[in-house]
Every structure is written in C-alpha cells, then in structure tokens.
Amino acid sequence: MTTKEAIQQKHEANRLLHAPFISQVPKAEKDLSTDQPTRALEPAVIASTIEALESGQTHYVDVPGIMPLREAIVAFLGTQGVTGYDPSGIVITASVQEARFLALQILIESSVAIPEVIHPGVKKALGVRPPQLHSLAIDKSKGMLPTLESLQQVVEQGVKVIYLESPVRLTGATYEASEAAKIGQLIESHDATLICDQGLASWVASYDPISSANTTLIGDVFPGVGLEGLPLGFIATSSEQVGEMTKLKQIMSICTSTASQYAALKISETYEEKRRELLNTFQARRQALEQNLSTHVLPGQTATLLALKADASASLQGYSYADGNDFGAPDVIRLLLSESVQTPS
Amino acid sequence: MTKKKRGTEVLYSLIGEARGYDDAIILGRGDPDFDTPAHIIAAAKEAMKTKAHEVSPPEGILALREAIAKRVKKINGFEVDPATEIVITNGGQEALFLMVLAAINEGDALLVPEPNYNTYKDAVTFAKGKVVGMPTYPNEAFRVDPERVRQTLTPEVKALLLVSPNNPAASVISREDQLALLEIAKEHDLIILADDIYDLMIYDDFVHTSPASLPGGSERTLTLNALSKAYAMTGWRAGWVTGPADLMAKVKDLKAGVSGPASIIAQHAALAALTGPQEEMIEMYEAYKRRRRIVLDYLDQMGFHYGTPQGGQFVFVDINHTGMSSLDLSQKILSKAHVLAYPGGAFSEDMDHFLRITFLQPEDKLRDGLGRMKEAMDVIAAGA
C-alpha cells in the first residue's frame with residue numbers, strides 16, 4: 001500500500017470526520033437550515049471595523065483575542081446568568097466550530113461522553129483526532145436533552161469529560177434550573193469536566209446555565225446581528241485550562257482575524273438591547289408558527305428554532321430545513337426563524 | 001530557562017517583555033510593519049456591505065480558489081484544479097496545521113531539516129506523530145543536502161518538510177536539490193510538505209522552486225502559502241493549501257472539522273489582494289531589499305558573521321563568538337537596548353548560537369534599533 005493509499009484508507013474509515021457540514025449562512029430566501037438567525041451588518045459596525053483596519057489593526061493580535069472583546073464576552077455571559085469567568089479565561093476563536101474543536105481536543109484525555117443527538121460539528125471536531133466515545137441517552141419528551149440518569153452513569157463509570165448542549169442545537173431544549181444545578185453537582189462530585197455549548201442561550205427568555213467550577217463554556221459570539229461573514233466563537237474556561245487552549249490556538253492559527261474581532265467589539269456596545277428586541281420578535285413568530293404546526297412540534301425553549309416531527313415537511317413545500325438525521329434524530333426536522341429568510345406562515 | 005519551554009513560548013515571553021518598554025523596537029517577530037494596502041481594506045468594506053451572507057463551503061469560495069490557481073500557475077509554475085485541489089485557510093498557520101494532519105497518521109514521522117519554524121513540530125506532536133530532525137549547517141549555507149536526507153530517513157518517515165526560503169535560516173533550496181529531494185521522496189514514497197510562504201521574497205540571483213512544479217512532484221506534494229508576509233495581511237488570516245485531489249479531500253474535511261469556512265470578508269479581501277493592483281506589494285519587496293542591506297551593513301560593523309539571507313524577511317546571525325546562549329544574548333540586548341531579536345535556540349536546540357533579526361521596521365527605526373544594538377554589544381563585550 002502506498003503512503004497516499006494508507007492516508008486515504010484511514011481517512012475514508014473516519015466516520016466522525018465525515019459527519020455532515022451545516023452552513024452558518026442561508027443559501028436561499030427559504031433556507032431555514034442554519035443554526036443562528038442572520039441579518040445585514042449595521043452601517044455603524046462596518047464603519048467602525050474599517051476605521052480599525054485603516055488605523056492599522058491589520059497585524060497579529062494577542063492569541064486569545066483582543067482584551068476589550070474578551071471583557072465584552074464576560075459581560076455577555078453575565079446577561080445569560082453566567083458568572084465566575086474572567087476575561088483572562090476567554091479565548092476568541094475563528095468560529096464556534098473552532099471553539100468546539102479547541103475545547104474538545106484540549107480537555108479530552110482519552111474519552112468523552114456526548115449526547116446521542118448532537119450537532120454534527122461536534123463529531124467533525126472529534127474526527128480530527130478521534131477519542132473513545134461514550135453515548136449519553138436522550139429524552140425525546142424533553143427535546144432530546146440527555147437524561148440525568150445517563151449522565152450519572154457515565155461519570156460513575158469514570159468518564160472524565162462530558163459534552164453537552166444547552167440549549168440543544170437540534171431542538172432548542174434547555175435544562176431547568178434544578179436539573180442544571182444537579183448536573184453541576186454531579187460534575188464536581190466526580191471531578192469530571194463539562195464542556196457546555198450554550199451558543200443558542202441568547203434566544204432563551206429565561207436561561208438556566210449549568211454552573212460548576214469544572215465547566216468550560218463554548219458558543220457563538222453575539223449571534224443574530226450579522227457577524228456570519230466575520231464568524232467568531234468563544235471559549236470560557238478556567239485559569240488552569242486557558243494556557244493549554246491558548247497554546248493550541250497559537251499552533252492552529254496564531255490569532256483570530258482582527259476584522260472579525262473589531263466588528264464584534266462594536267456590536268458588543270448595543271448587543272444586549274438588540275438581542276432583547278430580536279428575542280421578542282422571534283418569540284412572537286415562533287408562537288404563531290407553533291400554533292399552525294402544533295401537532296408536529298417538539299419541546300424546546302429557544303425562540304429562534306422550531307423542531308418538528310419529520311412529517312411536518314408536507315406543510316413546508318419549497319423550504320429547506322435542518323435534517324435531524326444529521327444530528328442523530330432521523331424523525332426530526334428543524335426550522336430556523338430569522339429576519340433574513342422567509343418564514344412559513 | 002529552568003523548566004524547558006516550547007520554543008514558541010520563549011518567543012511569546014520575549015514579546016511580552018519587550019512590550020514593557022515604550023521605546024521597544026521589535027526585530028524578532030515575522031509581522032510586516034506595513035499596513036495592508038488600502039484597496040484590500042476597501043474590498044473588505046464592500047464585502048461587508050454586499051457579500052456578508054455569501055455562502056462559503058469549507059474549502060472557500062470558488063472565485064478565490066480560481067484566483068489562487070492563477071497565482072500558483074504564474075508564480076509557482078504548477079497547475080491546480082480550483083474545484084478540488086485548493087482549500088482556503090485561516091492564514092498560513094492553519095494551512096501548516098492542516099497539511100501536517102493530512103499527511104501524518106499516528107506513529108508516522110516527518111523529516112524536518114533544522115533549524116525550522118517551531119509550529120511544524122507542535123503540529124506533528126498534535127497528530128501523534130514524530131519528528132526526525134536533520135541538521136543543516138551554516139558553513140553549507142544551511143543547505144538541505146539530499147544525501148544527508150537519504151541517510152537520515154527511518155522506516156517511520158512518511159513525509160519530508162521543505163521550507164524554502166527557510167525560517168529562520170533564510171536559505172533557498174536550489175532547483176537541483178529540489179529535484180534530488182523529489183527523487184528521494186519518490187523512491188521512499190514520501191509526501192512532500194512544501195512551505196512557499198516567502199516565495200516572493202527572494203534576493204540576489206537565487207530562484208524559488210516549488211516542489212509541486214517539478215516532474216512527478218504535484219501528485220505527492222501539499223503546498224502552503226498565505227498573504228500575510230507579501231501583502232502585510234497578518235491580521236486577516238488568509239492562506240491556502242494546494243495539492244492532489246485525493247489528499248486535498250482529507251484537507252477539506254479537516255478544515256470543516258477544525259474551524260469551518262474562513263471568514264467571507266477575509267476571503268474577499270484575499271481576492272482583492274490577488275487580483276487587484278500589485279504595485280504596493282512590489283514596493284514592499286523593494287523596501288525589504290533596501291532594509292536587508294541596512295541590516296547586513298550594521299552586522300558587518302558589529303563584526304557578526306551571518307548566512308547571507310537568500311530569501312525571507314530576516315537574517316540568521318552567528319553569535320558564537322560572544323560565548324553566550326542565544327536566549328541570554330537576546331534578553332541582554334532587550335534589557336540594554338530595548339531591541340528584540342529572536343534567539344536561534346527557540347527554533348532548534350542546535351542553533352543556540354544564532355539570533356534571528358528581521359528587517360520588518362521602517363528604515364529609520366531599523367537604523368535606530370541596530371544602532372542601539374551595536375552600543376549594547378559594545379557594553380556586553382566589555383563585560384558589563
């Protein structure tokens with residue numbers, strides 16, 4: 001076997017890396033398949049970004065990101081009820097996918113437990129250097145959230161790294177406060193590490209974060225206001241972990257694009273206000289759609305997403321949507337509500 | 001150094017120290033002092049208004065891949081299919097990372113001529129591979145000797161790294177040597193990882209040769225390049241990998257797994273860089289030539305020996321006569337003169353008697369920095 005054949009053989013066998021790719025930008029007016037809502041960038045954001053570039057912000061910057069943006073991320077997390085992270089524990093990444101990759105690859109020693117139903121980007125990130133996988137059973141009646149029993153089982157088996165989404169990327173379901181607290185306690189009592197993707201938390205009216213000293217958060221930076229062309233993700237982690245994350249980030253890409261970071265910094269000035277306005281809009285739109293498709297709706301608390309049983313597709317002619325099969329849930333489809341795409345009535 | 005630090009950590013630590021001086025002059029980091037040309041920024045502005053929601057697959061937009069294919073054909077002399085043989089990356093660094101991950105399976109080894117850019121070793125470690133280092137020597141102008149490569153090979157070596165011009169040694173691999181190295185790669189069925197990032201920065205009569213341009217080279221060569229150095233776009237993170245379609249399929253999937261598509265704004269800025277006016281890029285190159293001369297003149301005055309830089313944006317200076325380690329000397333120059341030159345020991349343990357000095361400052365600042373360095377060397381030589 002030649003060297004290239006050996007490479008190809010191993011690559012073809014890597015099912016994780018071949019998990020589907022979901023675009024973060026809609027392909028057409030009726031493409032409801034993306035993870036986050038989109039809209040045009042505001043002129044003030046464009047102007048501010050160009051001003052930064054024209055004033056010389058075209059060079060390498062600090063590996064974990066410019067400090068003002070890292071401070072803004074901590075403030076942003078605060079609006080979601082998340083405390084306990086310092087700007088020095090924030091790493092700005094080139095996308096939420098890079099955040100997934102970096103967090104997983106640094107924190108996993110040999111194995112990780114992931115939900116049966118998970119964003120395919122997680123599998124792709126794991127596929128770059130595959131670990132041993134353990135599966136977390138999900139509760140369909142609770143929007144595909146992993147059960148507390150399955151979490152308990154894996155940590156008691158000695159699995160040290162757990163990956164969760166709250167909200168779940170497919171359904172938008174979140175843990176209630178009591179469940180989130182129990183998960184935090186479980187993680188701490190077993191000295192495990194939790195990676196929690198809370199990228200959709202901006203769109204949950206009353207979000208209950210999972211808090212523990214051993215939790216690393218990842219997510220999208222300021223979603224929904226036009227940053228898709230300048231994508232950014234974040235990692236919020238402890239002072240013990242941030243050093244290793246920063247080292248790998250430097251190895252991977254030295255730093256994140258300055259244009260993206262300065263655009264996000266400008267957005268941070270008014271994001272909370274805009275987010276609340278958008279949240280109200282999406283909540284109303286979701287409620288209307290939910291009434292029209294009520295027999296198909298699956299549980300979820302995220303205003304921008306509506307997960308439906310797959311047979312709802314008959315009512316959605318002409319629209320494209322996320323396929324639950326890509327997430328591990330073949331009988332589910334997911335609609336995104338966004339200003340920039342046409343929503344079914 | 002009490003605890004062994006990674007070379008890159010040493011360099012970042014020195015950058016941090018240099019920032020403590022208001023009048024620091026950085027002659028260490030490979031970050032061009034020029035700002036990105038205005039027409040590229042203008043393209044980014046236009047893209048933010050009209051292209052921010054353009055869909056990009058993980059490998060990047062076709063228009064940019066087509067522009068890269070044209071560039072590669074014109075400058076590097078080989079053809080690539082934009083549909084299947086190019087992946088756009090977050091800078092040359094991500095291109096390097098993906099190239100290594102694509103070629104090195106667990107347990108495989110990469111043959112690395114030393115000295116070399118640290119990230120290659122870091123990426124191989126991440127891939128759970130091994131590095132087989134091969135020394136190159138200043139008295140041979142850091143030549144990547146094909147016979148020495150042949151002797152250094154082990155059964156685990158599956159890929160050969162060829163960086164030309166070399167970082168930090170600034171040596172260019174001759175066409176004759178590239179041909180011989182390619183023959184070795186064919187004989188031993190090695191993948192070639194080629195780093196062309198300084199291909200537009202070649203001096204005197206030296207000529208850059210891309211391994212992929214040679215007969216039989218393209219089918220086994222992954223080549224990286226980026227806009228950071230030639231177009232002063234370090235902060236934009238715009239690079240690419242080219243290679244045969246079968247290997248590039250893996251690079252594309254790795255890209256999707258590591259970070260997804262590059263920013264669409266950065267892609268349009270890159271497109272403007274490649275297809276727009278080239279005068280500023282040429283002016284920068286002419287400025288580097290002048291500055292290179294300034295640095296060499298000062299080094300002559302200071303009595304240093306150096307390998308004449310054949311390419312790149314730096315010179316590798318022999319400090320053996322000082323009797324000091326490269327880190328000690330670098331730190332002394334920094335504390336006395338507030339000038340940062342990188343220690344060669346950070347690139348390779350065998351290069352601890354070298355400093356890397358860049359010419360990435362305006363001429364007046366370069367003269368100021370080197371003048372201060374000369375004074376500092378006089379003080380150091382006097383034992384102070």
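Residues numbered from 1 in each chain as written. Chains lettered and ligands numbered in written order. Predicted model: local features only at pLDDT ≥ 70, side-chain atom pairs only at ≥ 80, totals over all residues. Heavy atoms only, no water.

(A) Fine view of the overall build of chain A. Helix and strand counts for chain A come out as 10 helices and 13 strands. Whereas a compact globule of 345 residues would reach a radius of gyration of roughly 20 Å, chain A reaches 20 Å, a difference of no more than 12%. For chain A, the spread of C-alpha atoms along the three principal axes comes to 55 × 50 × 50 Å. Burial status across chain A gives 62% buried among its 345 residues. (Helix = DSSP H or I, 4+ residues; strand = E, 2+ residues; numbered from the N terminus. Rg over C-alpha atoms; globule rule 2.2 N^0.38 Å. Buried < 20%, exposed > 50% of the residue type's maximum accessible area, 1.4 Å probe, protein only.)

(B) Quick look at the overall build of chain B. Across its full length, chain B holds 12 helices and 13 strands. Scaling as 2.2 N^0.38, a compact globule of 384 residues should have a C-alpha radius of gyration of about 21 Å, and chain B matches this with 21 Å. Along the three orthogonal principal directions, the C-alpha set of chain B runs to about 60 × 55 × 40 Å. Here chain B holds 384 residues, and 63% of them are scored as buried. Considering only intrachain contacts with a sequence separation of at least 6, the fraction spanning at least 24 residues in chain B is 74%. Looking at chain B as shown, the accessible area adds up to about 13500 Å², and 49% of this sits on carbon and sulfur atoms. A gap of 3 Å separates the mean positions of the 41 positive and 52 negative side-chain charges of chain B. (Contact = heavy atoms within 4.5 Å. Areas by Shrake-Rupley, 256 points an atom, 1.4 Å probe, with all protein chains shown as cover. Lys, Arg positive; Asp, Glu negative; His and termini not counted. Charge placed at Lys NZ, Arg CZ, Asp CG, Glu CD.)

(C) Quick look at unusual backbone geometry. Looking along the chain, the bond that leaves A:S166 and enters A:P167 is cis, with omega of 10°. Mapped onto the fold, A:P167 is located in the loop between β7 (161-165) and α7 (177-189). With omega at -5°, the peptide bond leading from B:S164 into B:P165 counts as cis. With respect to the element layout, B:P165 can be found in the loop between β5 (157-163) and α7 (175-187). Although it is not a glycine, A:M144 adopts a positive phi angle of roughly 70°. Take A:M144: it is sitting in the loop between β5 (138-139) and β6 (145-146).

(D) Representation of the environment of B:L62 within the structure. Residues and elements named next belong to chain B. Examined against the element boundaries, L62 turns out to sit in helix α3 (residues 62-76). On the basis of relative accessibility, which here comes to 41%, the residue L62 falls in the partly exposed class. It is 33 Å that separates the C-alpha atoms of L62 and V112, two residues lying 50 residues apart in sequence.

(E) Seen up close, the packing of helix α4 (residues 91-103) of chain B against helix α5 (residues 119-126) of chain B. Residue and element names in this part refer to chain B. Relative orientation of the contacting elements α4 and α5 amounts to 45°, with a least axis distance of 9 Å. Judged on the interaxial angle alone, α5 and α4 are oblique. Between α4 and α5 lies a crossing of right-handed hand. Between α4 and α5, the contacting residues are Q93, L96, F97, M99, V100 and L101 on the first element and T119, Y120, A123, V124 and F126 on the second. Here the contact of α4 with α5 is built from residues that sort into nine nonpolar, two polar and no charged. (Axes fitted to C-alpha atoms, helices over the stretch in contact; angles between N-to-C directions. Parallel < 35°, antiparallel > 145°, perpendicular 65-115°, else oblique. Left-handed = near helix turned anticlockwise from the far one by under 90°. Nonpolar A, V, L, I, M, F, W, Y, C, P; charged D, E, K, R; others polar.)

(F) Here's a closer look at the confidence of the model for chain B. The predicted model of chain B has a mean per-residue pLDDT of 95, with 99% of residues at 70 or higher. For this predicted complex, the interface score ipTM comes out at 0.97, while the overall pTM is 0.96. (pLDDT = per-residue confidence, 0-100.)

(G) Quick peek at helix α1 (residues 3-12) of chain A. Looking at α1(A), one finds that the buried residues are A:T3, A:K4, A:I7 and A:H11. Looking straight down α1(A), one finds that the buried residues subtend no more than 100° of arc, so they occupy a single side. On its buried face, α1(A) is in contact with α4, β5, β6 (191-195) and α8 (245-258) of chain B. (Arc of directions from axis to C-beta.)

(H) Local environment of helix α2 (residues 38-50) of chain B. Residues and elements named next belong to chain B. For α2, with 13 residues, the first-to-last C-alpha span of 18 Å sits near the 18 Å given by 1.5 Å per residue. Buried within α2 are the following residues: I40, I41, A44, A47 and M48. Viewed end-on, α2 has its buried residues packed into an arc of 115°, placing them on one side of the element. For α2, the exposed residues lying more than 90 degrees away from the buried face are A38 and K49. (Expected span 1.5 Å × (residues − 1).)

(I) Layout of the sheet that holds strand β13 (residues 332-336) of chain A. Residue and element names in this part refer to chain A. Ordered in space as β1-β12-β13-β11, the four strands form an open sheet in which the pairing is mixed. For this open sheet the edge positions go to β1 (31-32) and β11 (305-309), each flanked by a neighbour on one side alone. Looking at chain direction, β11 and β13 are connected through five bridges and run antiparallel. Looking across to β13, one finds that A307 is bridged to R334. (Pairing = 2+ DSSP bridges.)

(J) Layout of the pattern of salt bridges. Residue and element names in this part refer to chain A. Inspection of every chain in the model, using the stated rule, returns 37 salt bridges over all chains. Two residues, R275 and E272, come together in a salt bridge whose shortest N-O distance is 2.9 Å. With R275 and E272 both in helix α10 (residues 271-292) and three residues apart, this pair spans about one turn of that helix. Take R275: its relative accessible area is 7%, and that puts it in the buried class. (Salt bridge = Lys/Arg side-chain N within 4 Å of Asp/Glu carboxyl O.)

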